[in-house]
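Here's the letter readout for the chains.
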Amino acid sequence: MIDNEEKKGFSAWIDKRLPVFTFINHNLRDYPTPKNLNYFWNFGSLAGITLVIMIITGILLAMQYTANTDLAFDSVERIMRDVNNGWLLRYIHMNGASMFFIIVYIHIFRGLYYGSYKYPREILWMLGVVILLLMMATAFMGYVLPWGQMSFWGATVITNLFSAFPVIGDYIVTFLWGGFSVDNPTLTRFFVLHYLLPFAIVGVVALHLVALHQFGSNNPTGIDVKSDGDTIPFHPYYTVKDYFGLGVYLIIFAALVFFAPNFLGHPDNYIPANPLQTPAHIVPEWYFLPFYAILRAVPDKLMGVLLMFAAVAVLFILPWLDKHKVRSAQFRPYYKQFYWLFLINCVILGWVGAMPAEGIYVTISRAASIYYFSFFLVIMPILSRFEKVGELPSSISSAVLSEKFDKDSESYAK
Amino acid sequence: MKKTTIETKNEVSQIDEEKRDFLFVTTAGLAVAGGAATAISLINTMNPAKDVLALSTTEVDLSPVEEGQSLTVMWRGKPIFIRHRSKEEIESAANVSVDQLAHKETDESRVDNPKWLVVVGVCTHLGCVPLGQKVGDSKGEFGGWFCPCHGSHYDTSGRIRKGPAPLNLEIPPYKFVSDDIIKIG
């Protein structure tokens, strides 16, 4: 039997040479965390866990999948029918992509509401946008792999976006395809990149965490941590809170996988790719719909493409568009209203993105696109200058206490 | 109120610890059970799939193979050596005293019909395919097969006679469906 001291001695021996235990202690145990975090702060760890789920199921799927235009579709069907639990593996991975985007979008809107992108967390935010871009690229290429109709035509449409650029456009597209249409070379490289990029995401996530732990988490009040009284150790308080959230999340995830695995997919992708026939109604996966709506809202090809890219790119400069000193929307009466309008607007964009590009939908998508960009480029800078806010609580503790004892929760905001 | 909690701290923590132990054990137990069930399901995807298992039998027509000739067929991705043995080969295999063999098996126990020897053509050392099926091949010192990788010699019954291999060439499960047709697997 190893007694306690020997055990201690061994980990201490390791820790002196490779400080893994100190690292875990600092970042997952003692790590001082604002004591007022609500459940919206669960979504970072949920995103991390989803990334791990996607990588594990992805590696196992790659062991069964064949990246060849003649074999890809059948190899996916073989996974569904012949591979032990192959259906489970694929449905987890397929729906995991959707869950990943739900989680990350909530995570982003959380940051947007509580001003998590503001000083001193600008790089933390920008690294997050890089992760989002990598996720989008990875998800898009993953959707191409089953080589169904939607795979093929999605790949054709998205790669053709680059043809909008004058002069070099066609060369870029031919380069992306590795040929003169979406074909075997395209499929092979998409598979390789789809396998590679998640590991790039892991790398950026590591940087994201380093940047996070530099100043610690933001919190619902947006007020900086001022004393030890404002924080509690990460373990056991937030490990338990994250763990509980994970349980709820996995129940929803499992419900989707087991009871509605194709709910978010498109039936046309169970038809093998046919380069001679485009499906009548072609839509991207739901998580791209708002951006797709912006693309279609613009009558000019190049401008549409540029605006669609700009819709994501604008997030990069967000910390410099919203320079208001107060972080949390809780204390910003006007920003709060525009924020909720923006959230609704994004849902509307997603909805019109799924509708045919004609009639009233075009008008709606134009209005929604205009609001999308106005929110960032007009409303935010104006509010930064003119929005007046009342007195803020002096600390996280006092905010928490006044919330608890003052039944009138508005009082501290005034 | 606060004071009472501090005063009765010992008592309170006593109750709490039991409750906490219970919660901790049930939580951790369920997490381990759920994690293990998930892991097993996922790892099981790497086991042979149904289409792979479906390829596990094959039928072979022996009628074109003349005495002294050999035939190699595929079964489960491996070569199966079938040799139509001559009288001399059968005798030389049968006349070996079992005691002097590394892996003690009689020739009788290794064949169904002595004219036909059916073995898995994979050296029991490290998995190479031994020579001896083709006309020009070296058949080793005992007239059977010779593995070029590390020099194992097999006799006309596919038994290991010399070299590093520990076991005789494996006999696949097979049976004669008719006089001329065998079903392997």
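The structure contained in this document is the topic of the report that follows. (Residues numbered from 1 in each chain as written. Chains lettered and ligands numbered in written order. Predicted model: local features only at pLDDT ≥ 70, side-chain atom pairs only at ≥ 80, totals over all residues. Heavy atoms only, no water.)

**Examining the overall build of chain B**
Formally: Helix numbers and strand numbers start at the N terminus; a helix is a DSSP run of H or I with at least 4 residues, a strand a run of E with at least 2. Here's how the labels work: a residue is buried when its accessible area is under 20% of the maximum for its type, exposed when over 50%, partly exposed in between, all with a 1.4 Å probe on protein chains only. Throughout, a residue-residue contact means that at least one pair of heavy atoms, one from each residue, lies within 4.5 Å. For every accessible area listed, the method is Shrake-Rupley and the probe measures 1.4 Å; residues are considered covered only by the protein chains on display.
Across its full length, chain B holds 4 helices and 9 strands. What you see in chain B, going N to C, is helices and strands ordered as α-α-α-β-β-β-α-β-β-β-β-β-β. In terms of principal-axis extent, the alpha carbons of chain B reach across some 105 × 35 × 25 Å. For chain B, the residues scored as buried account for 29% of the 185 residues in total. Pairs at least 24 apart in sequence give 53% of the contacts found in chain B among residues at least 6 apart. Just so you have it, chain B exposes about 11,500 Å², and 58% of that area is on carbon and sulfur atoms.

**Description of the state of the cysteines**
Residue and element names in this part refer to chain B. Put simply, the rule reads: Throughout, a disulfide means two cysteine sulfur atoms within 2.5 Å of one another.
Tallying each qualifying case throughout the model produces 1 disulfide over all chains. There is a disulfide in this structure between C128 and C149, and the S-S distance comes to 2.1 Å. On the sign convention where negative is left-handed, the bridge of C128 and C149, at about -100 degrees about the S-S bond, is left-handed. Taken as a pair, C128 in the loop between β4 (116–120) and β5 (143–147) and C149 in the loop between β5 and β6 (152–155) lie far apart in primary sequence, 21 residues in all. A residue is classified by how much of its surface remains accessible, and C149, at 38% relative accessible area, is partly exposed. Between C123, a cysteine without a disulfide, and C147, which holds the nearest cysteine sulfur, the sulfur-to-sulfur distance is 3.8 Å. On the accessibility criterion, C123 (4% relative accessible area) is buried. C147 gets classed as buried once you look at its relative accessible area, which sits at 2%.

**Considerations on the sheet that holds β4 of chain B**
Residue and element names in this part refer to chain B. We count it as follows: Pairs of strands are assigned from DSSP output, requiring at least two bridges between the strands. Every angle, taken between N-to-C directions, lies between 0 and 180 degrees, and every axis is a line fitted to C-alpha atoms, over only the stretch in contact when it is a helix.
Read from one edge to the other, the open sheet built from 3 strands follows the order β2-β3-β4, with strand pairing classed as antiparallel. Bordering the open sheet on either side are β2 (70–75) and β4, each of which pairs with just one other strand. Ignoring which end each strand starts from, the neighbouring axes of this sheet average 20 degrees apart. In this structure, strand β3 (residues 78–84) lies alongside β4, joined through 5 bridges in antiparallel fashion. Opposite I82, over in β4, you have V118 as the bridge partner.

**Focus on the interface of chain A and chain B**
So the rule is basically this: Defined here as a combined quantity, buried area equals the accessible surface (1.4 Å probe) lost by two parts on assembly, summed across both. Definition used for salt bridges: Asp or Glu carboxyl oxygen within 4 Å of a side-chain nitrogen of Lys or Arg.
Between chain A and chain B, the contact holds 16 residues from the first and 13 residues from the second. Summing both sides of the interface, chain A and chain B together bury roughly 1,200 Å²; the carbon and sulfur share of this comes to 57%. Counting the surface chain A buries against chain B, the share from its top three residues, D82, N84 and Y243 of chain A, is 41%. The interface formed by chain A and chain B contains 1 salt bridge.

Remember, this is a structural readout, not a statement about activity or role.
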